[in-house]
Amino acid sequence: MTDPRDPRGLRSDAPLLDAWLRFTAQAEAGELTPMSVPGHKQRRDLTGAVTAGDAPLYGGLDTIKHADELLAEAERRAARLWGADWCRFSVAGSTHGNQALALAAGEPGQPVVVTRALHRSLLLGIVLAGLDPVWVLPEVDPASGLPGPVPAGAVQDVLARHPDACAVFLGDPSYVGTTGDLAGHAAAAHRAGVPLLVDAAWAAHLGFHPGLPPHALAAGADAMVTSAHKALPAYTQGALVLARTGLLDPARLHRAFEATHTTSPAGAIMASIDAARALLARDGEELCGRLLRTVAAARDRLRQVPGLDVLDGPGVEPAKLVILLAGTGAHGNQVEADLIAAGMPVEMADRDTIIPIVTLADDQAAAARFTDTLAAIVEAHRGPPRRPVPAASWTVIPDVAMPPRQAFFCRNETRSAAEAVGRISGELVAPYPPGVPVLAPGEVITAAALDALRAARADGGRIAYAADPTLATFQVIARA
Ligand SMILES: Cc1ncc(COP(=O)(O)O)c(C=O)c1O
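Note that this is a predicted model, so its numbers are computed, not measured.

**Here we look at the overall build of the chain**
Assigned secondary structure in the chain consists of 15 helices and 17 strands. A compact globule built from 480 residues would reach a C-alpha radius of gyration of about 23 Å, and the chain, at 23 Å, matches this within 12%. For the chain, with 480 residues in total, the buried portion stands at 53%. Taking the intrachain contacts of the chain between residues at least 6 apart in sequence as the baseline, contacts between residues at least 24 apart amount to 69%. One finds the centroid of the 41 positive side-chain charges in the chain at a distance of 3 Å from the centroid of its 51 negative side-chain charges.

Printed below as a string of structure tokens:
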């Protein structure tokens, strides 16, 4: 008989899921009197339903002394599925995964080749690890204003100029789903004797259908980070770090991963990563096939709306839906507000672009409801067509004055925006989404960066991580 709590019968191939189902069944039946954390003790009469389903990995899914073995078995199964020989499950997102790989990559002061379209989590990883980033820039497509990949030759050139670099760290697919020549980057990195590390936060489904690009490890990367909670049906925060060791030392990876991971991982998050992995292993091709058909149908539908376009073509991840609004004259933030009011929140919206996330949990009916609603909303906001303007996050050309770690620990002072121009930023400032820093610690605050940030804010964007998100003042490195 099918267990309604495990409708696809995944537990026989998912040890953490099996343990979570057993523990929570016992808890719900009132069979437990735990004398260990969590402090809610499985009672619902204090903080209520919000803790339902919560079970610690250690002392819940298995005993505090033995849960490691259960976790290792689940991680071994994931490593096998992705063709890795090292895998860890994280309850702290690709944020933690990126930071773990940065801490595993090199020594303080060593150069690392990094895309400037990096997520802010990796920039903080570079601060933690004390690496010295050598930036490579993505190409920007003038027609859409969106970033493409980092050109293959760019990484090769930078590696030739920095023979002491410890690694190449790229984001692929990009936030907007554009993909690059990972095999070429891997070959260049390996010729230089360094690993290729890939932030594949959005791409946990890649490689599981012939219509999808291979995942980063299959393309030749040495390690990848991916958010199970983004592309797969896993709990928020669930992520995987996968590696093929050789150029990376497994003991160092382990130390780096543990350095900033909690000692109390949530069993539900861990079990959901395990369940998502079991689902991909068994039904991945069927579900990814449905996803590809769903996105293709959505793209076709949206292209019928006059002026509306979608990102498409050989360098675009086929399961990503990126909607280009400029030709309709509608403003993305107004469209987003109406979508939220219709119960259809999207991942990202700025003036010219809307990015809904379609996953293998969506079917064509759900996607059609979304595209029909979007088409109607666009009609309500239609205006004169305009040229798209690339967002600051994709066009920043950093003026680097000192390495990010050195700047992070310098004494700061608060200066008005006008006074701050020409000074060195002590802080990271990023419009969110996409969370790509327009200013990083150690970079000169240029008039262009200030204008771009102001434009993003004036257009309704959220300015994240700045001490003063109004941008009236900035934290600059104090003069001695
Ligand atoms: C490219 C990229 N990397 C990493 C992350 C961080 O992922 P998480 O939210 O799982 O920590 C994000 C978040 O959106 C992202 O866009």
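Okay, back to it.
**Describing the sheet that holds strand β13 (residues 353-355)**
Hydrogen bonds between backbone atoms are what pair the strands of a sheet, whose relative direction is either parallel or antiparallel. Spatial strand order, β10-β11-β13-β12: four strands in an open sheet with antiparallel pairing. Strand pairing shows two members of the sheet lacking a second neighbour, β10 (309-310) and β12 (348-349), which therefore form its edges. Across two bridges, the pairing between strand β11 (residues 323-324) and β13 is antiparallel. Following the sheet pairing, L324 is matched in β13 by T353.

**Quick notes on the nonpolar core**
Grouped together as the largest cluster of nonpolar side chains are 94 residues, with contacts concentrated most on L16, F89, V168, L196, L240 and L374. The greatest single-element share of this core, amounting to 17 residues, is contributed by helix α9 (residues 267-303). In this structure L196 touches V168, L170, L182, H185, A186, A189, H190, A221, D222 and A223, once residues within four positions along its chain are discounted.

**Re the site of the ligand**
Around the ligand sit 14 residues, and of these T95, D199, W202, S227 and H229 come closest. A distance of 2.6 Å separates a nitrogen atom of the ligand from a polar side-chain atom of D199. In this structure, an oxygen atom belonging to the ligand sits 2.8 Å away from a side-chain N or O atom of S227. If the ligand stood free it would expose 390 Å²; the protein chains cover 85% of that surface. At the level of secondary structure, the elements contributing two or more residues to the shell around the ligand comprise α3 (93-105) and α7 (228-231). The element that contributes the greatest number of residues to the shell around the ligand is α3, accounting for four residues. In the shell around the ligand, the residues fall into four nonpolar, eight polar and two charged.

**A few points about the confidence of the model for the chain**
Mean pLDDT for the chain: 97, with 100% of residues reaching 70 or above. Across the chain, the element-wise mean pLDDT spans from 90 in helix α12 (residues 392-395) up to 99 in strand β9 (residues 239-243).

**Concerning the pattern of salt bridges**
Taken as a whole and assessed by the stated rule, the structure comprises 24 salt bridges. Ionic pairing is found between R303 and D300, a salt bridge with its closest N-O pair at 3.5 Å. Highlighted residues: R303 and D300, both in helix α9, separated by three residues, approximately one helical turn. Given a relative accessible area of 36%, R303 falls into the partly exposed group. Here the salt bridges share partners, and the residues they tie into one network are D13, E73, R76, R77, D274 and R277.

**Describing the sheet that holds strand β2 (residues 111-115)**
Taken together, the seven strands give an open sheet; going across it, the order is β1-β9-β8-β7-β6-β2-β3, and neighbouring strands pair in mixed fashion. Looking at which strands have only one partner, the edges of the open sheet turn out to be β1 (86-90) and β3 (132-136). Neighbouring strand axes in the sheet, compared pairwise and without regard to direction, differ in orientation by 20° on average. Two elements, strand β6 (residues 168-171) and strand β7 (residues 196-199), share four bridges in a ladder whose sense is parallel. By the bridge assignment, G171 is partnered in β7 with D199.

**Focus: unusual backbone geometry**
For the bond from V37 to P38, the omega torsion is 5°, close enough to zero to count as cis. Tracing the sequence through the fold places P38 in the loop between α1 (15-28) and α2 (67-82). The residue K41 is not glycine, and still its phi comes out positive at about 55°. Considering the arrangement of structural elements, one finds K41 in the loop between α1 and α2. In the Ramachandran plot, Q237 falls in the positive-phi region, its phi being about 90° despite a non-glycine side chain.

**A look at the pairing of β3**
Within β3, four of the five residues are buried, leaving the element largely enclosed by the surrounding structure. Alignment of β2 against β3, held across five bridges, turns out to be parallel. Following the sheet pairing, V112 is matched in β3 by P133. Handedness of the crossover is the feature at issue here: the chain leaves β2, passes through helix α4 (residues 120-129), returns alongside β3, and the resulting connection is right-handed.

**Examining the environment of A298**
The residue A298 is located in helix α9 in this model. A298 gets classed as buried once you look at its relative accessible area, which sits at 6%. Along the primary structure A298 and A276 are separated by 22 residues, whereas in three dimensions their C-alpha atoms are 25 Å apart. The contact partners of A298, leaving out residues within four places of it in the chain, are L321 and T371.

**Focus: the packing of α1 against α9**
Packing of α1 against α9 leaves a shortest axis separation of 7 Å and a crossing angle of 135°. Regarding the angle of α1 to α9, the classification is oblique. When the axes of α1 and α9 are compared, the crossing they make is left-handed. From α1, P15, L16, L17 and W20 reach across to α9, where they touch G267, A268, M270, A271, D274, A275 and R277. Looking at the contact of α1 with α9, its residues break down into eight nonpolar, one polar and two charged.

**Some points on α1**
Between its first and last C-alpha, α1 extends 20 Å over 14 residues, near the 20 Å set by a 1.5 Å rise per residue. Every buried residue belonging to α1 is among P15, L16, L17, A19, W20, L21, F23, T24 and A27, and all of these are buried. Buried-residue contacts for α1 involve α2, β1 and α9. Directly after α1, the chain includes G30, whose backbone phi takes a positive value near 70°.

Rules and cut-offs
- Residues numbered from 1 in each chain as written.
- Predicted model: local features only at pLDDT ≥ 70, side-chain atom pairs only at ≥ 80, totals over all residues.
- Heavy atoms only, no water.
- Helix = DSSP H or I, 4+ residues; strand = E, 2+ residues; numbered from the N terminus.
- Rg over C-alpha atoms; globule rule 2.2 N^0.38 Å.
- Buried < 20%, exposed > 50% of the residue type's maximum accessible area, 1.4 Å probe, protein only.
- Contact = heavy atoms within 4.5 Å.
- Lys, Arg positive; Asp, Glu negative; His and termini not counted.
- Charge placed at Lys NZ, Arg CZ, Asp CG, Glu CD.
- Pairing = 2+ DSSP bridges.
- Core = buried A, V, L, I, M, F, W, Y, C linked by side-chain atoms within 4.5 Å.
- Near = heavy atom within 4 Å.
- Polar contact = N/O pair within 3.5 Å; in protein donor to acceptor, adjacent residues only side chain to side chain.
- Areas by Shrake-Rupley, 256 points an atom, 1.4 Å probe, with all protein chains shown as cover.
- Nonpolar A, V, L, I, M, F, W, Y, C, P; charged D, E, K, R; others polar.
- pLDDT = per-residue confidence, 0-100.
- Salt bridge = Lys/Arg side-chain N within 4 Å of Asp/Glu carboxyl O.
- Axes fitted to C-alpha atoms, helices over the stretch in contact; angles between N-to-C directions.
- Right-handed = clockwise from strand over helix to strand, strands pointing away.
- Parallel < 35°, antiparallel > 145°, perpendicular 65-115°, else oblique.
- Left-handed = near helix turned anticlockwise from the far one by under 90°.
- Expected span 1.5 Å × (residues − 1).

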